[in-house]
Amino acid sequence: MSDTTHPAGGGGQGGHEGEGATRRDFLYLATGAVAAVGVASVAWPFIDSMNPAADTLALAQIDVDLSPIQVGQSITVTWRGKPVFIRRRTEEEIAAAASVNLAELRDPAPDSARVQQPQWLVMVGICTHLGCVPLGQKSTDPKGDYGGWFCPCHGSHYDTAGRIRRGPAPLNLALPEYAFLTDTSIRVG
Amino acid sequence: MAAPQFKNPVVRWIDYRLPIFTQLNHEYNEYPMPKNCNYLWSFGAIAMVVLITMIVSGITLAMNYTPHTAYAFNSVERIMRDVNFGWLIRYIHMNGASMFFIAVFIHIFRGLYFGSYKAPREILWMLGVVILLLMMATAFMGYVLPWGQMSFWGATVITNLFSAFPIIGDHIVTWLWGGFSVDNPTLNRFFALHYLLPFVLLGVVFLHVAAVHVHGSNNPVGIDIKGPQDSLPFHPYFTIKDTFGLGVFMIIFAGFVFFAPNFMGHPDNYIPANPLVTPAHIVPEWYFLPFYAILRAVPDKLGGVLAMFGAIAVLFVVPWLDTSKVRSANYRPLYRQFFWVLVVACILLGYAGSQPAEGIWLIVARVASIYYFAHFLIILPLLGKLERPRPLPASISEPVLKGGGRLATAAAAKPMEKA
């Protein structure tokens, strides 16, 4: 023990590899490692408490009746505190969305990958730039240069499939998980 | 610097056990200030007073505020209409934030002009940048609390900045929100942090003041105190000077509070938050506009975010980017001109940030952003090598007293006797 606490040769960390110095180094590192794991495991509950709570997660599903929506009409519903755009697209809008050259797109996606049924477009109505709600849901709104949606905050233009065409946004409008329960109702989430 | 003899026996009794009176005397009474410090040196003290004003008004506001999405907006209106002097306290707090930034921005530009960040004051300067960051975080979260349209959408846009980071970005944003959008959990935590951070700020201010007292304040000439003839005791010379400067500042502050309380705000924030409708033109508070302009000047999301954070980060390393040995711009003919170009660039950025990001203002913002970074990253390092500074005076007293003839010489000699 006296070797461990007072390694011979003055200055345990000195030039020579005494057994005591190695053991002390090991104890030192092991204590540090235990402390680090301890701090991390104590910190995690506090950090995780800031993540979405169980009741917030539980509100993450809604059912929407589509039957009142006419062709060319849009509605906005709230899902997880966010607006979800549901648009019953016209034939021209579907045709315009399908005829786009994918090579021109910033975030390439064919129209078929954006919808489950071509006339129903369901998207999260949040600009992928900094989270504003794009205009284009009301018939009087500006719809941007591609006839879809236009974000007034920083000028992103989305087309009739909600794909980013111009402006600072990096991605297409996000698609929520949804499923058709019947022909005229969906469950989002 | 011997311990003073206090007459009051209670003071003496306490001081013997806990020498706070000796400390106060040392730091705020006999503390030697360069005698040529002008009114620009008052803004540190002014910022300190505004911080205390913000804490006092903030605590009284918190006693009447409800951090819940359903009640926040109405509780603020209740403060305005029903709480005794609530309108006054809220307008002080609202405008106090702007006044705090005005004082601190002047304080920072004063430091840049007179080279106050140079050795041995680098840590002092870096603590100052930490204070600026804490102020920005606190101001941002405070602006969210009234839960108006600008509160909500400002919070949405700013928290979404973090989504620009690849892979972890979305997780960070969800974590910041405590949900899938800015909502009640977000408001609650912002209130908690808005209450906490000013006290953290106060702690860093304490370190900042401790750091400045190690080597003393810089001064307009930018050379060190050579002897007692170059300095004056802090009290009463600078306490009275700072008090006068503070008085003028407070008149302007009160002018806003009583005559134009909403001048620096946005009417949209008197509309309750609506998560489904974004206001047509979102702008942050004026003190964030230059940074907002830099964010929008970069045509790439991640690039813009990095440039905006970089605009502050670059300030941390200014002491090492500036290679000139001469502190004060008064003796640096070229740096002085570039300094004013930087001031103009920052003002242009601020104006461009308030305008829609298109056409001429986008171009102005881009040019000014490029200058901002070039100033720190290219011009400062090169100037130190290329510039030929004017000769520095031998002492702080010399430039003031030269040409003053015999009278001046006599005046210069006099403080020597006192020492």
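Residues numbered from 1 in each chain as written. Chains lettered and ligands numbered in written order. Predicted model: local features only at pLDDT ≥ 70, side-chain atom pairs only at ≥ 80, totals over all residues. Heavy atoms only, no water.

Asker: Could you clarify how one ought to interpret the overall build of chain A in this entry?
Answerer: For chain A, the helix and strand inventory stands at four helices and nine strands. Starting at the N terminus and walking to the C terminus, you meet the elements of chain A as α-α-α-β-β-β-α-β-β-β-β-β-β. Within chain A, the fraction of its 189 residues that count as buried is 37%. Sequence-distant contacts in chain A: of pairs separated by 6 or more residues, those separated by 24 or more amount to 52%. Accessible area of chain A: about 10300 Å², with a carbon and sulfur share of 60%. (Helix = DSSP H or I, 4+ residues; strand = E, 2+ residues; numbered from the N terminus. Buried < 20%, exposed > 50% of the residue type's maximum accessible area, 1.4 Å probe, protein only. Contact = heavy atoms within 4.5 Å. Areas by Shrake-Rupley, 256 points an atom, 1.4 Å probe, with all protein chains shown as cover.)

Asker: What's the story with the overall build of chain B in this structure? I'm lost.
Answerer: Scanning chain B from terminus to terminus reveals 17 helices and two strands. Relative to the 2.2 N^0.38 estimate, which gives 22 Å for 419 residues, the radius of gyration of chain B is 24 Å and therefore close to what a compact globule would have. Reported as C-alpha extents along the three principal axes, the dimensions of chain B are approximately 75 × 60 × 40 Å. Within chain B, the fraction of its 419 residues that count as buried is 50%. For chain B, the exposed area adds up to about 20400 Å²; of that, 72% sits on carbon and sulfur atoms. For chain B, the distance from the average site of its 27 positive side-chain charges to the average site of its 19 negative ones is 9 Å. (Rg over C-alpha atoms; globule rule 2.2 N^0.38 Å. Lys, Arg positive; Asp, Glu negative; His and termini not counted. Charge placed at Lys NZ, Arg CZ, Asp CG, Glu CD.)

Asker: Hey, could you run me through the sheet that holds strand β6 (residues 156-159) of chain A in this one?
Answerer: Residue and element names in this part refer to chain A. The strand order across the open sheet built from three strands is β5-β6-β7, with neighbouring strands paired in antiparallel fashion. A strand with exactly one partner marks an edge of an open sheet, and here the two such strands are β5 (147-151) and β7 (164-166). Going across the sheet, the axis of each strand differs from the next one's by a mean of 35°, ignoring polarity. In this sheet, β6 lies alongside β5 in antiparallel orientation, the contact comprising four bridges. Paired with C151 across the bridge in β6 is S156. (Pairing = 2+ DSSP bridges. Axes fitted to C-alpha atoms, helices over the stretch in contact; angles between N-to-C directions.)

Asker: How do you make sense of the packing of helix α6 (residues 122-144) of chain B against helix α7 (residues 149-160) of chain B when you look at a structure like this?
Answerer: Between two packed helices, what matters for the description is the angle formed by their axes and the separation of those axes. All names here are of chain B. Across the interface, α6 lies against α7 with an axial gap of 7 Å and an inter-helix angle of 135°. Relative to α7, α6 is oriented oblique. Contacts from F140, Y143 and V144 in α6 reach M150, S151, G154, A155 and I158 in α7. (Parallel < 35°, antiparallel > 145°, perpendicular 65-115°, else oblique.)

Asker: Looking at this structure, how should I read the UniProt feature "domain: Rieske" (unreviewed entry) in chain A?
Answerer: Residues given the UniProt feature "domain: Rieske" (unreviewed entry) here are residues 94-187 of chain A. The annotated region residues 94-187 of chain A carries 5% helix and 27% strand content, and the separation between its end C-alpha atoms amounts to 23 Å. (UniProt positions renumbered as here; feature names shortened; annotations may be inferred.)

Asker: Mind showing me how you'd approach the UniProt feature "binding site: heme b b562" (unreviewed entry) in chain B here?
Answerer: Residues and elements named next belong to chain B. The sites that carry the UniProt feature "binding site: heme b b562" (unreviewed entry) are, in the present numbering, H93 and H194. Sequence-wise these annotated residues cover 102 residues; spatially they are packed, their C-alpha atoms never more than 12.7 Å apart. Lining the largest cavity, from this annotated set, are H93 and H194. Tracing the backbone shows H93 in helix α5 (residues 86-113). Residue class for H93 comes out buried when judged on its relative accessible area of 17%. Beyond its immediate sequence surroundings of up to four residues, H93 is in contact with M54, S57, G58, L61 and H194. Polar side-chain contacts of H93 include one of 3.4 Å to the backbone nitrogen of G58. Structurally, the position occupied by H194 is in helix α9 (residues 184-215). (1 Å grid on protein atoms, 1.4 Å probe; cavity = no way out; pocket = protein on both sides within 12 Å on 5 of 7 lines; lining within 4 Å. Polar contact = N/O pair within 3.5 Å; in protein donor to acceptor, adjacent residues only side chain to side chain.)

Asker: Mind showing me how you'd approach unusual backbone geometry here?
Answerer: In most cases, non-glycine residues show a negative phi, while peptide bonds are predominantly trans. All names here are of chain B. Cis geometry marks the peptide bond from A119 to P120, where omega comes out at 5°. With respect to the helices and strands, P120 occurs in the loop between α5 and α6. The step from H235 to P236 runs through a cis peptide bond, and the omega angle for that step is 5°. Mapped onto the elements of the fold, P236 is located in helix α10 (residues 234-259). Phi angles above zero are rare outside glycine, and W147 is one such case at about 55°. Tracing the sequence through the fold places W147 in the loop between α6 and α7.

Asker: Hey, could you run me through the UniProt feature "binding site: heme b b566" (unreviewed entry) in chain B in this one?
Answerer: All names here are of chain B. The feature "binding site: heme b b566" (unreviewed entry), as annotated in UniProt, sits at H107 and H208 in this numbering. Within the element layout of this structure, H107 appears in helix α5. Each residue touching H107, except ones within four places of it in the same chain, is listed here: F43, G44 and H208. When its relative accessible area of 17% is taken as the criterion, H208 is described as buried. With near-sequence residues (within four places) excluded, H208 lies in contact with H107, L124, L127, G128 and I131.

Asker: Got a minute to help me understand the state of the cysteines in this structure?
Answerer: One covalent bond between the sulfur atoms of two cysteine residues makes up a disulfide. All names here are of chain A. According to the stated counting rule, one finds one disulfide over all chains in the structure shown. Paired by a disulfide, C132 and C153 hold their sulfur atoms 2.1 Å apart. Across the S-S bond of C132 and C153 the torsion is about -100°, and the bridge reads as left-handed. Pair noted here: C132 is in the loop between β4 (120-124) and β5 and C153 is in the loop between β5 and β6, with a separation of 21 residues, a long-range link. C151 carries a free sulfur, and the closest cysteine sulfur to it, the one in C127, is 3.8 Å from it. (Disulfide = S-S within 2.5 Å.)

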